[in-house]
Amino acid sequence: EVQLVESGGGLVQPGGSLRLSCAASGFTFSSYAMSWVRQAPGKGLGWVSAINSGGGSTSYADSVKGRFTISRDNAKNTLYLQMNSLKPEDTAVYYCAKDRALVVTTRMDYWGKGTLVTVSS
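Throughout what follows, the structure given in this document is the object of discussion. (Residues numbered from 1 in each chain as written. Predicted model: local features only at pLDDT ≥ 70, side-chain atom pairs only at ≥ 80, totals over all residues. Heavy atoms only, no water.)

This part is about the pattern of salt bridges. Taken as a whole, this structure holds four salt bridges when the rule is applied. Here Asp90 makes a salt bridge to Arg38, at a shortest N to O gap of 3.0 Å. Of this pair, Asp90 sits in the loop between β8 (78-83) and β9 (92-99) while Arg38 sits in strand β4 (residues 34-39), and the two are 52 residues apart along the sequence. Residues Asp62 and Lys65 are paired through a salt bridge, measuring 3.2 Å at the closest nitrogen-oxygen approach. (Salt bridge = Lys/Arg side-chain N within 4 Å of Asp/Glu carboxyl O. Helix = DSSP H or I, 4+ residues; strand = E, 2+ residues; numbered from the N terminus.)

Following this line, the structure appears as structure tokens:
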């Protein structure tokens, strides 16, 4: 059974940092690209960032480019999202999602339950 469990969310002040983690199990983690997707209160899902299976290729939404860094540790079956210079508009539930291929297609087939990030003073 595929499981994706996010952690690391919480309340942070504007300008602060958080590091999200996603522990994966039930599939060969190193064989699939992964993404982070978020949903702000009252809004739809928005893609944030993606990384290929080996970790050598990453991509970001314009809204987070230069502030967020996606990475993965295939030995630990874990996906990360380092978020710096956080803004109130980054407030959302953040989900990690498994892609269908080694390369990023943004066609995800499994999702975690999410972790809430609140950016507020």
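Turning to unusual backbone geometry, a few remarks are in order. Although it is not a glycine, Asn77 sits at a positive phi angle of roughly 55°. Along the chain, Asn77 falls in the loop between β7 (68-73) and β8. Taking relative accessible area as the criterion, Asn77 reaches 28% and is therefore assigned partly exposed. Positive phi, close to 50°, is recorded for Ser85, a residue that is not glycine. (Buried < 20%, exposed > 50% of the residue type's maximum accessible area, 1.4 Å probe, protein only.)

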